Amino acid sequence: MARRTQRGRRIGITALVAAALSAVTGIGPAVAARTTATVPFSSVLPAPAGATPAAGVTYTLGSGAAISTDVPDIGDYLAGVLRRSTGYPLPVRSPSSGPAAVSLLLSAAPAGVGDQGYQLDVTRSGIVVRAVKPEGLFAGVQTLLELLPARAASSTPQPGPWVVGGGRIVDHPRFAYRGAMLDVARHFFSVAQVERYIDQIALYKVNRLHLHLADDQGWRIAVNGWDRLTSVGGSTEVGGGPGGFYTQADYRAIVAYAQSRYITVIPEVDMPGHTNAALASYAELNCDGQAPPLYTGTDVGFSSLCVGKPITYRFLDDVIGQLAALTPGPYLHIGGDEAQSTVPADYAAFVDRVQQIVAAHGKQAIGWHDVVNATPLPSTVAQFWDTTTSNTAVADAARHGTKIIMSPANRAYLDMKYTKATPLGQDWAGLTEVRKAYGWNPGSYLSGVGEPAVLGVEAPLWTETIVTSADIEYMAFPRLAAIAELGWSPQSTHDWTAFRGRLAAQGPRWTLQGVAYYKSPQITWPTGS
Ligand code: TNX
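So, a few notes on the structure that sits alongside this text. For clarity, every value in this text was computed on a predicted model and none was experimentally measured. (Residues numbered from 1 in each chain as written. Predicted model: local features only at pLDDT ≥ 70, side-chain atom pairs only at ≥ 80, totals over all residues. Heavy atoms only, no water.)

### Thoughts on the side chain of Ser-304
Basically, it comes down to this: Numbering of helices and strands runs from the N terminus, with a helix taken as a DSSP run of H or I at least four residues long and a strand as a DSSP run of E at least two residues long. Polar contacts here mean pairs of N or O atoms no more than 3.5 Å apart (in protein, one a potential hydrogen donor and the other a potential acceptor; neighbouring residues in sequence count only if both atoms are side-chain atoms).
Structurally, the position occupied by Ser-304 is in the loop between helix H8 (276–281) and helix H9 (310–326). In this structure the side chain of Ser-304 is engaged in a polar contact, spanning 2.8 Å, whose partner is the side chain of Thr-342.

### With respect to the packing of aromatic side chains
Operational definition: To pair, rings of Phe, Tyr and Trp, with the six-membered ring standing in for Trp, must have centres within 6.5 Å; the planes then decide the type, stacked if under 30 degrees apart, edge-to-face if over 60, and tilted in the middle.
In this structure the tally under the stated criterion is 26 aromatic pairs. Ring centres of Trp-226 and Phe-315 lie 4.9 Å apart, and the angle between their planes is 70 degrees; this geometry places the pair in the edge-to-face category. One end of the pair, Trp-226, is in the loop between strand S10 (218–219) and helix H6 (228–231); the other, Phe-315, is in helix H9, and 89 residues separate them in sequence. An angle of 25 degrees between the planes, with centres 3.8 Å apart, marks the rings of Tyr-418 and Tyr-518 as stacked. Placement of the pair is Tyr-418 in the loop between helix H12 (409–412) and helix H13 (434–438) and Tyr-518 in the segment after helix H16 (496–513), with a sequence separation of 100 residues.

### Some words on the pairing of strand S4 (residues 102–105)
As a reminder, the rule being used: For the exposure calls, accessible area comes from a 1.4 Å probe over protein chains only, and a residue counts as buried if that area is under 20% of its type's maximum, exposed if over 50%, partly exposed in between. If DSSP finds at least two bridges between two strands, the strands pair.
What you see with S4 is no split at all: Val-102 and Leu-104 on one side and Ser-103 and Leu-105 on the other are buried throughout. Examined bridge by bridge, strand S2 (residues 67–69) and S4 share 3 bridges and lie parallel to one another. Bridging from a neighbouring strand, Thr-69 pairs with Leu-104 of S4. In this sheet, strand S6 (residues 126–130) lies alongside S4 in parallel orientation, the contact comprising 4 bridges. Within the sheet, the bridge partner assigned to Ser-103 lies in S6 and is Val-128.

### Considering the site of the ligand
As a reminder of what qualifies: Being near a molecule or strand, for a residue, comes down to having at least one heavy atom within 4 Å of it. To measure how exposed things are, a 1.4 Å probe is used in the Shrake-Rupley method; for residues, cover is taken only from the protein chains shown. Lys, Arg, Asp and Glu make up the charged group, whereas Ala, Val, Leu, Ile, Met, Phe, Trp, Tyr, Cys and Pro make up the nonpolar group; the residues left over, Gly among them, are polar.
Near the ligand, the surroundings consist of 13 residues, among which Arg-186, Tyr-413, Asp-415, Trp-428 and Glu-464 are the closest. Within the side chain of Asp-415, one N or O atom sits 2.6 Å away from an oxygen atom of the ligand. With respect to the ligand, the side chain of Glu-464 contributes an N or O atom lying 2.6 Å from an oxygen atom. Coverage of the ligand by the protein chains reaches 98% of its 370 Å² of free accessible surface. By residue class, the composition of the shell around the ligand is 6 nonpolar, 2 polar and 5 charged.

### Some points on the pattern of salt bridges
Rules: Put simply, a salt bridge is a Lys or Arg side-chain nitrogen that is within 4 Å of an Asp or Glu carboxyl oxygen.
Per the stated rule, a full pass over the model turns up 10 salt bridges. Put simply, Glu-464 and Arg-186 hold a salt bridge, and the shortest N to O gap is 3.5 Å. Taken together, the positions of Glu-464 in the loop between strand S16 (454–461) and helix H14 (469–476) and Arg-186 in the loop between strand S8 (177–183) and helix H5 (191–202) put the pair 278 residues apart, joining distant regions of the chain. Measuring nitrogen to oxygen at the nearest pair gives 2.6 Å for the salt bridge that ties Glu-485 to Arg-502. In this pair, Glu-485 sits in helix H15 (residues 479–488) while Arg-502 sits in helix H16, placing the two residues 17 residues apart along the sequence.

### Description of the state of the cysteines
Quick reminder of the rule: Disulfides are defined as pairs of cysteine sulfur atoms found within 2.5 Å of each other.
A complete count under the given rule lists 1 disulfide for this structure. Paired by a disulfide, Cys-287 and Cys-306 hold their sulfur atoms 2.0 Å apart. Taking the torsion about the sulfur-sulfur bond, which here is approximately 95 degrees, the covalent link between Cys-287 and Cys-306 counts as right-handed. Remark: Cys-306 occurs in the loop between H8 and H9 and Cys-287 occurs in the loop between H8 and H9; sequence separation between them is 19 residues. Taking the relative accessible area as the measure of exposure, Cys-287 reaches 59% and is therefore exposed.

These figures come from the coordinates and say nothing about function on their own.
Here is the structure:
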């Protein structure tokens, strides 16, 4: 009896390995089990700017492999991922202690890779990643992880061999800004949930996380001296759940975690609209001095800070000043969208004044593109979120030097349903299957906004209908990968058929990582993913 169980288990494991290998190679289980097929360079997502495989060359990571690194934290990150799946000790040391299986070096990278790019070489004698800056090295490490067999993504020990195909990748991003946004206001997400999402987006070389920290339904960041923002304004969410908020220590932890993945957090406090939670917390912020009740529905456009009251700006100076102090990056997002309850002249005066407050605290403002109806400072960035491909005011601003982040709602919004049958999400901007999310060019999408005016792309996830991490993952994956590729890869690599293949290769990895992705029927997912 015991023997049969053991035998059964052994067969089970062999089948599992064969399935994992066949998932990567696309070769049937019987063949895959006997080969040491490598992940082709063409599977790397986002597609690299340049890749030259070396036919017949491979490198096998052995149990005695060491990692040498000029940036200890990045060596530790790589070792941390690979120790779990390989079970190898993978010591991390300085390059001065001699050659190692994997070298992560801040020297002799080609100048063309810039601050965010890298060069990766796989030869018979080892793997070398070179970059100018640590962020480039980190991007190179993500590419290396993708070149290892999919089972390297597992958090439990898997069988070797750990073979990587030979060749050279020289890579750098198309756009400096590659963002994801998470709305923690409509539904609150814990520090651990945000960190989980950070880990997932970092794999695709996303380097900005925009947190939508306040809206009508909730205020999620502690502001010293304004305790009711969180005790009252943070006490609920859409549907009337318990809500929640980040202490400043919590928020610092998120920022530090993101930094360890070379992701800059951009905090947003939306204003002058989308402010019911603040208005419910402090009666004096309302023009009529009356605090409205807390709101747990999903309407937009009904609230406004009182533009004419001095206390509004004392309040905002405290909020913006404290957020600036918590923010190592250059940007603070001031919202500015859907201000239907603020008359246009007030709106423009308000945005102009708030930009100055942001500047006084040493930061650059980002606003939803509605802010171009004010007079943007040269440093202010506008985030395009509409469903059109032309917008005269945005094009005029771009012509005058305003940089644009592209988040067209019908392409980049991760809260849009994939199909009519998608159980989560909304459809006001249309249905967005993965092909539609991928099928646009951020450098020419908006007429009059050419590539030089585009700072980058961002995929926002609004959370009116999103409650759990599994919900986040179902809506974000695979579409986040599509937007990440549009942000990183040169337009010359844009090709739906090739992208489908790259995306398919992510399926087994997401499965091993426990990512609850949407199995789009547009993609041929490998068996076992
Ligand atoms: C529009 S787009 C909004 C958000 C909603 C979202 C839902 C934008 C800047 N504002 O307030 O959550 O639609 O898809």
